[in-house]
Amino acid sequence: VQLVESGGGLVQAGGSLRLSCTTSGSISSIAAMSWYRQAPGKQREFVASITSANIISYVDSVKGRFTISRDGAKNTVFRQMNSLKPEDTAVYYCSGLTYGSIRYWGQGTQVTVSS
């Protein structure tokens, strides 16, 4: 499974960005797609996930601001981020978890929110 993120960049506080994660390879083996982020000097943290059954979860800090979704072919996962805050600044990683509990990672995309 290969994962490629896109859509990061620099935005002012209160602005919006849309991240995409395109998957290839054994797509049918993926049970859930997730977004994680890692800010400078901090551990990587879970942000949002969507399962093959479209069950969605968010970390409390992004509820109401971020939305995770997937396209009809289920090989691209999106994350709309609204009302961005400086504390959202991080490298955002797309991750795929297979039914065999193997986790794959994308290369990451930088999101910087200026105050």
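The written sequence of each chain sets the order in which its residues are numbered from 1. Residues qualify for local features only when their pLDDT is at least 70, as the model is predicted, and side-chain atom pairs are given and counted only at 80 or more; totals for whole chains, interfaces and linings, by contrast, use all residues. The basis for every side-chain value is the complete set of heavy atoms in the structure, and neither hydrogens nor water enter the calculation.

Our focus in this paragraph is the nonpolar core. We call a set of buried residues a nonpolar core when its members are Ala, Val, Leu, Ile, Met, Phe, Trp, Tyr or Cys and they connect through side-chain atoms within 4.5 Å of each other. Working definition: with a 1.4 Å probe on protein chains only, accessible area under 20% of the residue-type maximum means buried, over 50% means exposed, and in between means partly exposed. Of all hydrophobic cores here, the largest spans 24 residues; its most connected members are M33, W35, M81 and Y92. Among the elements of the structure, strand 3 (17-24), strand 4 (30-38), strand 5 (45-51), strand 7 (66-70), strand 8 (76-81), strand 9 (90-98) and strand 11 (109-114) are those that each provide at least two residues to this core. When checking whether two residues touch, look at their non-hydrogen atoms; a contact exists if any pair is within 4.5 Å. The residues touching M33, leaving out its near neighbours within four places in the chain, are L3, C21, T23, A48, S49, I50, I68, R70, V77, C94, S95 and G96. Put simply, DSSP H or I for four residues or longer makes a helix, DSSP E for two residues or longer makes a strand, and each gets a number counted from the N terminus.

To continue, consider the sheet that holds strand 7. Only when DSSP finds a minimum of two bridges between them are two strands counted as paired. Read across the sheet, 4 strands follow the order 1-3-8-7 without closing on themselves; strand pairing throughout is antiparallel. Each edge of the sheet is formed by a strand with only one pairing partner; in this case those strands are strand 1 (2-6) and strand 7. Each neighbouring strand pair of the sheet contributes to a mean axis angle of 15°, computed without reference to strand direction. Across 5 bridges, the pairing between strand 1 and strand 3 is antiparallel. Paired with E5 across the strands is C21, a residue of strand 3. Only the stretch in contact is used when a helix axis is fitted, and all axes are lines through C-alpha atoms; the angle between N-to-C directions ranges over 0 to 180 degrees.

Turning our eyes to something else, we now look at the packing of aromatic side chains. The geometry of an aromatic ring pair is captured by the separation of the ring centres together with the interplanar angle, meaning the angle of the planes. For Phe, Tyr and Trp, rings pair up if their centres lie within 6.5 Å, where Trp contributes its six-membered ring, and each pair is then called stacked (planes under 30 degrees apart), edge-to-face (over 60) or tilted (otherwise). Applying the stated criterion to the full structure yields 3 aromatic pairs. Ring geometry for Y36 versus F46: centroids 5.8 Å apart, planes at 80°, classification edge-to-face. Here Y36, found in strand 4, pairs with F46, found in strand 5; they are 10 residues apart in sequence, far enough to count as distant. Judged by relative accessible area, which is 16%, Y36 ranks as buried. Among the residues examined, F46 registers a relative accessible area of 27% and is labelled partly exposed. On the basis of an interplanar angle of 70° and a centroid distance of 5.0 Å, the ring pair of Y36 and W105 is categorised as edge-to-face. Placement of Y36 in strand 4 and of W105 in strand 10 (residues 103-105) is noted, with a sequence separation of 69 residues between them. For W105, a relative accessible area of 36% gives the class partly exposed. One aromatic cluster is present, built from ring pairs that chain together Y36, F46, Y93 and W105. The residue whose ring lies beneath R44 is W105, and the NZ or CZ to ring-centre distance is 4.6 Å. Our definition puts a charge over a ring when NZ of Lys or CZ of Arg is within 6 Å of the ring centre and also within 35 degrees of the ring normal.

Put simply, a disulfide is two cysteine sulfurs that come within 2.5 Å. Per the counting criterion, the structure on display carries 1 disulfide. Paired through a disulfide, C21 and C94 show a sulfur-sulfur distance of 1.9 Å. Here C21 and C94 share a disulfide; its torsion about the S-S bond, -80°, makes the bridge left-handed. Residue C21 is found in strand 3, and its partner C94 is found in strand 9; the two are separated by 73 residues along the sequence. Like C94, C21 is buried.

Our next topic: the side chain of S49. Along the polypeptide, S49 turns up in strand 5. The exposure class assigned to S49 is buried, which follows from its relative accessible area of 11%. If we ignore the near neighbours within four places in the chain, the residues touching S49 are M33, S34, I55, I56, S57 and I68.

Any functional reading would require information that these geometric values do not contain.
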